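Here are the chains, one letter per residue:
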Protein chains: 2
Amino acid sequence: MRTLYHYPLCPYSRKIRLQLAEKKLDFTLELEKFWEKRPEFLSLNAAGQVPVLIDLNGSVLADSVAICEYLEETYPKDGSLIGEGLPQRAEVRRLIAWFDTRFGRDISERLVFEKIIKRYLPTTGSSGPDSAVIRQAKNAIHHHLDYISWLVDRRNWLAGDHFSLADITAAAHLSVIDYLGDVPWESHLLAKEWYARIKSRPMFRNLLQDRASGLTPSAHYADLDF
Amino acid sequence: MRTLYHYPLCPYSRKIRLQLAEKKLDFTLELEKFWEKRPEFLSLNAAGQVPVLIDLNGSVLADSVAICEYLEETYPKDGSLIGEGLPQRAEVRRLIAWFDTRFGRDISERLVFEKIIKRYLPTTGSSGPDSAVIRQAKNAIHHHLDYISWLVDRRNWLAGDHFSLADITAAAHLSVIDYLGDVPWESHLLAKEWYARIKSRPMFRNLLQDRASGLTPSAHYADLDF
């Protein structure tokens, strides 16, 4: 069986879970508290980050972008989630990078660190969340929701006519923030409508049942009609 | 003619310049002071970042990873710089991500911002470089040079037997730090030997002649026998 080392509120792990589910590839989840830096885990991925995928043949794959590309190349059945046609594929990859680097760096990584990971670290456990960082990250969400609204006002899905890894990546990041109750959906109705479409796809079911230890999700987190 | 919007000391721009040169694809360079946020440039790339490539057919391509993949898919002649074979391609992409996110975020982006970009920004122009940030970034370089040494002690090139985009990406980041004179080569001789091999490739020539306005490169920057 395929094994995915993940952390429930890691957006990059969620991206791979969604991709695997969308491609109907079976896998088992292995919870990895990556901040503990287990030597056995570091030997799988020197970067010490989730996700790490062990594929059926034993291949060890690290880094979410590398894993996405690997899965598309290895399991091309039922079409590519990166799309067909060179400009289209470039657009999907541009948007993956947009959400992984800009949204990830400025918002999801920061909020998850301040609100959750920090309490597990001996060096930061007692200092509590930094409210200035949280405020800054929450402000930055509006810009991204505006961008999503702008895109889906012109296109069926984020990168064009077809559902793609751009949608999966954006939804993976937003789902983490939504778990924390920090997405201001009501002031971004087009983005909300797009997210509702994603949420109702079968691939998303498993994610909505997810619970991170000691942290209850927001009231509407698993609600398809939020 | 192909046009690449770039900034001379942007490692992501350098990565694409090296890839284009290695693939013997002609292009002209267009200097973009991305921090000025020109509306014409933002209309090409909403993220406001270099590199942006306009290909022969007029396609506008943004984000360095998306551009790399696009160039490999569009111009497959003379073999792939991502490599052959699925595990090999995953390893190349893992290392691209390693250097773009870890080295880029912790070191090259920080040093270029503190030492150069900061002086052009109205909000930070008068504050000068933050010596604590610079010290932290310079300390972090050792870890990456150790990792490069470890890899080339076991492999011919970073990702395996063949020269790849992993080498190009790592060298693009290091070349920027080397311009600033901040690479401690003498305590990492295996990494130095690897970099000397890269530096002597024809694709690198153009980069060694590069000058960023108002900033002289380190004495050994263009020296092949450094």
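Calculation rules
- Residues numbered from 1 in each chain as written.
- Chains lettered and ligands numbered in written order.
- Predicted model: local features only at pLDDT ≥ 70, side-chain atom pairs only at ≥ 80, totals over all residues.
- Heavy atoms only, no water.
- Helix = DSSP H or I, 4+ residues; strand = E, 2+ residues; numbered from the N terminus.
- Rg over C-alpha atoms; globule rule 2.2 N^0.38 Å.
- Buried < 20%, exposed > 50% of the residue type's maximum accessible area, 1.4 Å probe, protein only.
- Contact = heavy atoms within 4.5 Å.
- Areas by Shrake-Rupley, 256 points an atom, 1.4 Å probe, with all protein chains shown as cover.
- Lys, Arg positive; Asp, Glu negative; His and termini not counted.
- Charge placed at Lys NZ, Arg CZ, Asp CG, Glu CD.
- Expected span 1.5 Å × (residues − 1).
- UniProt positions renumbered as here; feature names shortened; annotations may be inferred.
- Least-squares fit on C-alpha atoms with pLDDT ≥ 70 in both.
- Pairing = 2+ DSSP bridges.
- Axes fitted to C-alpha atoms, helices over the stretch in contact; angles between N-to-C directions.
- Phe/Tyr/Trp six-rings, centres within 6.5 Å; stacked < 30°, edge-to-face > 60°.
- Parallel < 35°, antiparallel > 145°, perpendicular 65-115°, else oblique.
- Left-handed = near helix turned anticlockwise from the far one by under 90°.

Going by what an unreviewed UniProt entry lists, chain A is known as Glutathione S-transferase family protein and is assigned to Candidatus Finniella inopinata.

1. So, the overall build of chain A
Helix and strand content of chain A: 8 helices and 4 strands. Ordered by position from N to C terminus, the α and β elements of chain A give β-α-β-α-β-β-α-α-α-α-α-α. Its C-alpha radius of gyration of 17 Å places chain A within 12% of the 17 Å reference for a compact globule of 226 residues. Each principal axis of the C-alpha distribution contributes one length, and for chain A these read about 50 × 45 × 30 Å. Going through the 226 residues of chain A one by one, you find that 55% of them count as buried. Residue pairs at least 24 apart in sequence account for 68% of intrachain contacts in chain A once pairs closer than 6 positions are excluded. Accessible surface computed for chain A: about 9,800 Å², of which carbon and sulfur atoms make up 52%. Here chain A carries 29 positive and 30 negative side-chain charges, and the mean point of each set is 2 Å from the other.

2. Some details on helix H6 (residues 165-179) of chain B
All names here are of chain B. Between the first and last C-alpha of H6 there are 21 Å, a value that for 15 residues agrees with the 21 Å anticipated at 1.5 Å per step. The buried fraction of H6 is high, at 15 of 15 residues. In the segment just after H6, Gly 181 is the residue with positive phi, at about 80 degrees.

3. What about the UniProt feature "domain: GST N-terminal" (unreviewed entry) in chain A?
Per the UniProt record, the feature "domain: GST N-terminal" (unreviewed entry) sits at residues 1-79 of chain A. Helix and strand shares over residues 1-79 of chain A are 37% and 18% respectively, and the end C-alpha atoms of the span are 23 Å apart.

4. Overview of the relation of the copies chain A and chain B
Here chain A sits on chain B after a turn of 180 degrees about the axis and a move of 0.0 Å along it, with an RMSD of 0.0 Å. Such a turn and shift between the copies fits a two-fold axis. Of the C-alpha atoms belonging to chain A, the one lying closest to the rotation axis is found on Thr 101 of chain A, 4.2 Å away.

5. Topic: the sheet that holds strand E1 (residues 3-6) of chain A
Residue and element names in this part refer to chain A. An order of E2-E1-E3-E4 is seen for the 4 strands of this open sheet, with the pairing classed as mixed. With one partner strand each, in any of the chains shown, strand E2 (28-31) and strand E4 (60-62) form the two edges of the open sheet. The average angle at which neighbouring strand axes cross in this sheet is 20 degrees, direction not considered. Across 4 bridges, E1 lies against E2 in parallel orientation. Bridge pairing in E2 places Leu 4 opposite Leu 29.

6. Brief notes about the environment of Leu 145 of chain B
Among the structural elements, Leu 145 of chain B can be located in helix H5 (residues 131-154). Sequence separation between Leu 145 of chain B and Tyr 179 of chain B is 34 residues, and the spatial gap between their C-alpha atoms is 16 Å.

7. Remarks on the packing of aromatic side chains
The final tally for this structure, using the stated rule, is 30 aromatic pairs over all chains. Ring centres 5.6 Å apart and planes at 65 degrees place the aromatic pair Trp 185 of chain A and Phe 226 of chain A in the edge-to-face group. With Trp 185 of chain A in the loop between helix H6 (165-179) and helix H7 (189-199) and Phe 226 of chain A in the segment after helix H8 (205-208), this pair connects stretches of sequence that are 41 residues apart. Here the two residues Trp 185 of chain A and Phe 226 of chain A agree in accessibility, since each one is buried. Ring geometry for Phe 99 of chain B versus Phe 103 of chain B: centroids 6.3 Å apart, planes at 50 degrees, classification tilted. Of this pair, Phe 99 of chain B and Phe 103 of chain B are both found in helix H4 (residues 86-115), 4 residues apart, which corresponds to roughly one turn of the helix. This pair shows no difference in class: Phe 99 of chain B is buried, exactly as Phe 103 of chain B is. Each member of the aromatic cluster is reached from another via a ring pair, and the members are Trp 185, Trp 194, Tyr 195, Phe 204 and Phe 226 of chain A.

8. Focus on the sheet that holds strand E1 (residues 3-6) of chain B
Across a sheet, paired strands are connected by hydrogen bonds in the backbone, their directions being either parallel or antiparallel. Residue and element names in this part refer to chain B. With mixed pairing, 4 strands are arranged side by side in an open sheet as E2-E1-E3-E4. Sheet topology places strand E2 (28-31) and strand E4 (60-62) at the edges, where each strand pairs with a single neighbour. Across the sheet, the mean angle from the axis of one strand to that of its neighbour is 20 degrees, orientation sign disregarded. As paired strands, strand E3 (residues 52-54) and E4 are joined by 3 bridges and run antiparallel to one another. Considered in E4, the bridge of Leu 53 is made with Leu 61.

9. Topic: the packing of helix H4 (residues 86-115) of chain A against helix H3 (residues 64-74) of chain B
Close contact between H4 of chain A and H3 of chain B brings their axes to 9 Å; oriented N to C, the two are set at 160 degrees. As summarised for this structure, H4 of chain A and H3 of chain B are arranged roughly antiparallel, according to the angle between their axes. For the pair H4 of chain A and H3 of chain B, the crossing hand works out as right-handed. Contacts between H4 of chain A and H3 of chain B involve Leu 86, Arg 89, Ala 90, Arg 93 and Arg 94 of chain A from the former and Ala 66, Glu 69, Tyr 70, Glu 73 and Thr 74 of chain B from the latter.

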